[in-house]
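Fold and contact review
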Amino acid sequence: MNKVKIDPVVFWSSLIVIVAATLLLVVNRESAEPVLSSLMSDITFKLDWAFQLLTVGLFIVLVWLIFGRYGKIKLGEGKPEFSSFSWGAMLFCAGMGTSIMFWSIMEPIYYYIGPPFGIEANSNEAAEWAVTYGLFHWGISAWSLYALPTVTIAYSFFVKKQSSLKISTACRGALGKYADGWVGKIIDILVIWSLVGGLGTSLGLGVPMISAVIGEILGMEQSLGLSIIIILIWTVIYCSSAYMGLYKGIRKLSDINVYLALALAIFVLLAGPTLFILSYFTNSLGLMLQNIVQMSFYTDPINKGGFPQAWTVFYWAWFAATAPFMGLFVARISKGRTIRELISSVLLWGSLGSWLYFAVFGGYSMHLQLNDILPITQILDSQGGPAVVVEVLKTLPLSTVVLIFFVVLGFIFLATSLDSATYILSAIATKELKDGQEPARWHRLLWGGILAVMAIALLMIGGLNVIQTSSVIVSVPVIIIYILLTVSLLRWLKHDHKNVSSTEKDLEEKAG
């Protein structure tokens, strides 16, 4: 591996910002939490229109790229570096993590007891919308937020031959020389902070859920010590994978992850009420397709029930905050693909993987609730989401085996997200990273250690909720980054395509 150097401004500034912010949260948690919560409420209620229009706008641009003349442009020379399976596995695992394991079980229940459009809670109509909204939130709209940065970064790195894997570099088509100045540095520091915040959200969901399942298996109560042990085990797994790099570590871990995830979903589908799950999913998918325009623009300004702000806008902001990381990682593994192939795969394979989990686990949890097999809403109200996950898994045949399998999958699922993240954090803070090069191993391990220490510190003071709130707040400037990335890509495509057309025209004239 060729030696690569860190970007001292981005590296040290990001490190100082993260450490200072973490210390401030630790010291001033009681006063910081209400301020950040108020800020998040303001963002979701006052900028709901911005996030809704952004998501729809990105989807329109992506469809235009798929079917337009630029779709056949190849991102880099030669054949793809990874097989289609490994490539799809890495992009899905990096984007989902343990979040899909938690929300595919829990989200339909939340929609059942707090449905949209003023529908009566706990009603049959609420049950029809329960899985429907899960399919919407984790489907094509969500993956559109991931796909646009991916295409721009891949074009910048493999076609424009830019010498670094950074968001600021991908914005050069819009920013010009400013991409290398303080504007570019601010963009990269913001991206690192949004990524760390997004990972805080994943840890905030993953640690309590896995802790609850392990507690059930071992017959022990959840504790801070157990949670810290879980984080340390995760750290060893994802640091080892990131240390080995893309080819030996991250790719293999992602392949294993997908096989295990498919195995668990197929087991629940066959062991559970198979026909109900298939019928419920079909009905939910039809309801989503019929109402997707209304759901995409729903802000509820008259009744002000708060459903779209609490769910849809929050999700779009959360996904937007982590999208630069997702774009950087998927772009890095997409050499040799065409623009059409890249966008189609991100939108379709990402959505299908998410829909499989919501169809199976969402359908199964709703079956338990609707048929009075398990009082999920009561457990949720009295014990919380992680306890619900445990009780739902316990209703399956061979429940002890299922619980152990779920823990293993949970560890690997989040590890695949975190090893991808440490790889990209080190790539952003690296000065130059040419095609074929990887960030320094010590650099990858350093970011892995920083994430672990920060997670433990925040867990000890109960501040993971604060960090995930801050990730949503950071998503506001990310809207501007989306615009810059879109403008940058379109300018590059127009300029490069124009030059190609002119060359072809000159050759035809000479031949004539």
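Presented here is a report on the structure given in the accompanying data block.

**Some words on the packing of helix H16 (residues 385-394) against helix H17 (residues 399-428)**
Interaxial distance between H16 and H17 falls to 8 Å at its minimum, and their mutual angle equals 135°. Taken together, the axes of H16 and H17 lie oblique to each other. In this structure, H16 contributes Val389, Val390, Leu393 and Lys394 to the contact, and H17 contributes Ser399, Val402, Leu403 and Phe406. Class assignment of the residues belonging to the contact of H16 with H17 gives a composition of six nonpolar, one polar and one charged.

**Points about the pattern of salt bridges**
A pair can form between side chains of opposite charge whenever their charged atoms are brought close. All told, the structure shown has seven salt bridges when counted by the stated rule. Between Glu216 and Lys394 there is a salt bridge whose closest N-O contact spans 3.3 Å. Here Glu216 is found in helix H10 (residues 182-218), whereas its partner Lys394 is found in helix H16, with 178 residues between them in sequence. A residue is classified by how much of its surface remains accessible, and Lys394, at 33% relative accessible area, is partly exposed. Close ionic contact of Arg337 with Glu341 constitutes a salt bridge, the shortest N to O distance being 3.0 Å. On the basis of relative accessibility, which here comes to 2%, the residue Arg337 falls in the buried class. Glu341 gets classed as partly exposed once you look at its relative accessible area, which sits at 30%.

**Overview of unusual backbone geometry**
Although it is not a glycine, Phe117 sits at a positive phi angle of roughly 60°. Judged by its relative accessible area of 25%, Phe117 is partly exposed. Residues other than glycine seldom take positive phi values, yet Lys304 does so here, at roughly 55°. When you line up the elements, Lys304 lands in the loop between helix H12 (274-297) and helix H13 (307-332). When its relative accessible area of 63% is taken as the criterion, Lys304 is described as exposed.

**Focus: the packing of aromatic side chains**
Under the criterion given, the structure shown has 36 aromatic pairs. Summarising the aromatic geometry, the rings of Trp64 and Tyr70 are spaced 5.7 Å apart at their centres and angled 75° between planes, so their arrangement reads as edge-to-face. Residue classification places Tyr70 among the buried residues on the basis of a relative accessible area of 6%. Geometry around Trp87 places Arg337 over its ring, the cationic atom sitting 4.0 Å from the centre.

What counts, and at which threshold
Residues numbered from 1 in each chain as written. Predicted model: local features only at pLDDT ≥ 70, side-chain atom pairs only at ≥ 80, totals over all residues. Heavy atoms only, no water. Axes fitted to C-alpha atoms, helices over the stretch in contact; angles between N-to-C directions. Helix = DSSP H or I, 4+ residues; strand = E, 2+ residues; numbered from the N terminus. Parallel < 35°, antiparallel > 145°, perpendicular 65-115°, else oblique. Contact = heavy atoms within 4.5 Å. Nonpolar A, V, L, I, M, F, W, Y, C, P; charged D, E, K, R; others polar. Salt bridge = Lys/Arg side-chain N within 4 Å of Asp/Glu carboxyl O. Buried < 20%, exposed > 50% of the residue type's maximum accessible area, 1.4 Å probe, protein only. Phe/Tyr/Trp six-rings, centres within 6.5 Å; stacked < 30°, edge-to-face > 60°. Lys NZ or Arg CZ within 6 Å of the ring centre and 35° of its normal.

Nothing here speaks to function; it is geometry throughout.
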